[in-house]
Amino acid sequence: MEDALARAAANTATRPIPKSAGAQMRFLLRVEKGSTRALAARLGISQRTVERYVKGTLRQPRKDLAARLEREVRRDWQPRVRQRARKQAATSTGIVIETRARFGYTAAPGSTDDGRMRRITQHLPPAYAARLFDAQAAGATEQQLQAIAAEGLQEIYFKDRGRRAADLEVEFTDIDYVELDF
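These notes cover the structure that comes with them. These numbers come from a predicted model, not from an experiment.

What counts as what
- Residues numbered from 1 in each chain as written.
- Predicted model: local features only at pLDDT ≥ 70, side-chain atom pairs only at ≥ 80, totals over all residues.
- Heavy atoms only, no water.
- Helix = DSSP H or I, 4+ residues; strand = E, 2+ residues; numbered from the N terminus.
- Expected span 1.5 Å × (residues − 1).
- Buried < 20%, exposed > 50% of the residue type's maximum accessible area, 1.4 Å probe, protein only.
- Arc of directions from axis to C-beta.
- Contact = heavy atoms within 4.5 Å.
- Phe/Tyr/Trp six-rings, centres within 6.5 Å; stacked < 30°, edge-to-face > 60°.
- Salt bridge = Lys/Arg side-chain N within 4 Å of Asp/Glu carboxyl O.
- Axes fitted to C-alpha atoms, helices over the stretch in contact; angles between N-to-C directions.
- Parallel < 35°, antiparallel > 145°, perpendicular 65-115°, else oblique.
- Nonpolar A, V, L, I, M, F, W, Y, C, P; charged D, E, K, R; others polar.

**Structural notes on helix α5 (residues 63–76)**
And step 1. An ideal rise of 1.5 Å per residue puts 20 Å on 14 residues; α5 measures up with 20 Å between its terminal C-alpha atoms.
And step 2. Along α5, the residues that are buried comprise Leu65, Leu69, Glu72, Val73 and Asp76. In an axial view of α5, the angular spread of the buried residues amounts to 100°, which keeps them on one side of the axis. Exposed and oriented more than 90 degrees from the buried face of α5 are Lys63 and Arg75.
And step 3. Residues of α5 that are buried make contact with α2 (21–31), α3 (36–43), α4 (47–55) and α6 (79–93).
And step 4. Downstream of α5 by one or two residues, Gln78 has phi in the positive range, about 50°.

**Quick word on helix α7 (residues 126–137)**
And step 1. Between the first and last C-alpha of α7 there are 16 Å, a value that for 12 residues agrees with the 16 Å anticipated at 1.5 Å per step.
And step 2. Taken residue by residue, α7 has Tyr128, Ala129, Leu132, Phe133, Ala135 and Gln136 as its buried positions. Buried residues of α7 fall within an arc of 165° about the axis and therefore sit on the same side. The outward face of α7, more than 90 degrees from its buried face, is lined by the exposed residues Asp134 and Ala137.
And step 3. Of the residues trailing α7, Gly139 is marked for its positive phi of about 85°.

**Section: the packing of aromatic side chains**
Two aromatic rings, taken as a pair, are described by how far apart their centres are and by the angle between their planes.
And step 1. Applying the stated rule across the entire model yields four aromatic pairs.
And step 2. Considering the side-chain rings of Phe27 and Trp77, the 5.0 Å spacing of their centres and the 70° angle between planes classify their relative orientation as edge-to-face. Linking Phe27 in helix α2 with Trp77 in the loop between α5 and α6, this pair joins segments that are 50 residues apart in sequence.
And step 3. On the accessibility criterion, Phe27 (10% relative accessible area) is buried.
And step 4. A ring pair is formed by Phe103 and Phe158, whose centres lie 5.5 Å apart and whose planes are at 50°; its orientation type is tilted. In this pair, Phe103 sits in strand β1 (residues 95–106) while Phe158 sits in helix α8 (residues 142–158), placing the two residues 55 residues apart along the sequence. The burial state of Phe103 is the same as that of Phe158; both residues are buried.
And step 5. Feature note: the residues Phe103, Tyr157 and Phe158 constitute an aromatic cluster, connected by ring pairs.

**Quick notes on the pattern of salt bridges**
And step 1. In total, this model carries 16 salt bridges according to the counting rule given.
And step 2. Its salt-bridge partner being Glu32, residue Arg42 comes within 2.9 Å of it at the nearest N-O pair. Here the residue Arg42 occupies a position in helix α3, and Glu32 occupies one in the loop between α2 and α3, the gap between them amounting to 10 residues.
And step 3. For Glu32, a relative accessible area of 23% corresponds to the partly exposed category.

**Remarks on unusual backbone geometry**
And step 1. Even without being a glycine, Lys33 presents a positive backbone phi close to 60°.
And step 2. Tracing the chain through its elements places Lys33 in the loop between α2 and α3.
And step 3. According to the relative accessible area criterion, Lys33 is exposed, its value standing at 77%.
And step 4. For Gln78, which is not glycine, the phi dihedral falls at a positive 50°.
And step 5. Within the secondary structure, Gln78 is located in the loop between α5 and α6.
And step 6. Owing to a relative accessible area of 10%, Gln78 belongs among the buried residues under this scheme.

**Concerning the packing of α3 against α4**
And step 1. For the pair α3 and α4, interaxial distance at closest approach is 8 Å and the crossing angle is 105°. Relative to α4, the element α3 lies roughly perpendicular. Note on element contacts: α4 touches α3 through Gln47, Val50 and Glu51, opposite Thr36, Arg37, Leu39 and Ala40.
And step 2. Of the residues that constitute the contact of α3 with α4, the class distribution is three nonpolar, two polar and two charged.

Structure below.
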């Protein structure tokens, strides 16, 4: 869930991230307020290597460094745009969750409670998006984030907003994948 929230936030960007390693280094250097030492520690490379990329003498990073560099740039790219998209999702538009997971039930006697794999795509109202964002900001665990998503799916998808299956309790386990969009 944590990774899915991060990917969804990254998809709200309005401009592409810098392409070259030098441009990515210069962007991260601005984020680190000009400290090559802090940027080197963040990327796990030497301070001199950072200086070489910024200067332009090094241009092609190794694959592992290129992946770390892109990940760090994506994490800090357009923070105000991300914040605006999160605020809009939490107040008006909500969030779309697509998942393939095992859903088990606790329901009235006579009904089946065997869990089975389901692929579900469901729009959740802004209240659940706000709860997910607040829990993530408060440092919630993966299980707590899953519980919020499970509660949202239970109320919206399975109980149809209280119109059916009033006593139904849903368990959200064995997650194959989760994708979020807001």
